[in-house]
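For reference, the chains in residue letters:
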Amino acid sequence: MPHISITNGLPGISGLMAQRPDTAAPLNQLAETLLRSPASSALSRGERELIAAYTSELNETEFCAQSHSAFAAAQLDGGAELVKAVLHGLDEAPVTPKLRALLRIAGAVRGPVRALPAELVAEARAAGADDGQIHDTVLIAAAFCLFNRYVTCLDTELPADPGYYEEGAERIVARGYAPAAG
């Protein structure tokens, strides 16, 4: 049971955002910029969603991990199987060395607050990551630590229908993180 009254019947961050459109607006804009803006990253939308899903999985935030896994799967070659492989075994997952190195950086960001280990940055650079990709990975992971804490600390509910995440993926891929019209 959530720690606050959520009167709209929506699960996870969806309920929180619908409940508080004043705080939802800047949070949605942040997600839109980080995860979808073509000008903000040399990483694909699917790769950015995968970083969000991986961070959320490590943070044990099921709603965000499931949501962003579905969003990533809808935008990556390899779909759900690729996402599952990353979340359950990054070292063996069929991703590029660069993406693996960036995901390791995301994992470090969600840990204790400190500078990234130099060897993780060196590994990413050796695999072809540039300053923008390293920057964006750190910022996506840091932002998802915030989103994960928002959802988890208020003990929001999970969707009753497992298809909720795939429906959300269709909406996000088509429209982005703009609030639902209504």
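Going by the structure above, here's the rest.
Read on for an overview of the structure. (Residues numbered from 1 in each chain as written. Predicted model: local features only at pLDDT ≥ 70, side-chain atom pairs only at ≥ 80, totals over all residues. Heavy atoms only, no water.)

## Remarks on the overall build of the chain
Across its full length, the chain holds nine helices and zero strands. For the chain, the N- to C-terminal ordering of α and β elements is α-α-α-α-α-α-α-α-α. Against the compact-globule benchmark of 16 Å for 182 residues, the chain has a radius of gyration of 16 Å, which places it among compact chains. Projecting the C-alpha coordinates of the chain onto the three principal axes gives extents of approximately 50 × 35 × 30 Å. Across the 182 residues in the chain, those meeting the buried criterion constitute 45%. Of the contacts made within the chain by residues no fewer than 6 positions apart, 65% connect residues no fewer than 24 positions apart. Treating the 14 positive side-chain charges of the chain as one cloud and the 22 negative ones as another, the clouds have centres 5 Å apart. (Helix = DSSP H or I, 4+ residues; strand = E, 2+ residues; numbered from the N terminus. Rg over C-alpha atoms; globule rule 2.2 N^0.38 Å. Buried < 20%, exposed > 50% of the residue type's maximum accessible area, 1.4 Å probe, protein only. Contact = heavy atoms within 4.5 Å. Lys, Arg positive; Asp, Glu negative; His and termini not counted. Charge placed at Lys NZ, Arg CZ, Asp CG, Glu CD.)

## Re helix α5 (residues 79-88)
Within the sequence span of α5, burial applies to G79, L82, V83, V86 and L87. All buried residues of α5 lie within an arc of 130° about the axis, which places them on one face of the element. Facing away from the buried side of α5 by over 90 degrees, the exposed positions are A80, E81 and H88. In this structure, the buried residues of α5 make contact with α3 (45-58), α4 (62-73) and α6 (97-109). (Arc of directions from axis to C-beta.)

## Observations regarding the pattern of salt bridges
For the coordinates displayed, the defined rule picks out five salt bridges. The partner of R104 in a salt bridge is D91, and the shortest N-O contact between them spans 2.6 Å. Of this pair, R104 sits in helix α6 while D91 is found in the loop between α5 and α6, placing the two residues 13 residues apart along the sequence. Taking the relative accessible area as the measure of exposure, D91 reaches 53% and is therefore exposed. A salt bridge links E123 to R104; the nearest nitrogen and oxygen atoms lie 2.4 Å apart. Of this pair, E123 sits in helix α7 (residues 118-126) while R104 is found in helix α6, placing the two residues 19 residues apart along the sequence. Residue E123 is classed as partly exposed on the basis of its relative accessible area, which comes to 28%. Connected through salt bridges with shared partners, the residues D91, R104 and E123 form a single ionic network. (Salt bridge = Lys/Arg side-chain N within 4 Å of Asp/Glu carboxyl O.)

## Remarks on helix α9 (residues 164-175)
Taking 1.5 Å per residue, twelve residues should reach 16 Å; α9 reaches 16 Å between its end C-alpha atoms and fits that length. Buried residues along α9 sit in contact with α3 and α4. Directly beyond the C-terminal end of α9, a positive phi value near 90° is found at G176. (Expected span 1.5 Å × (residues − 1).)

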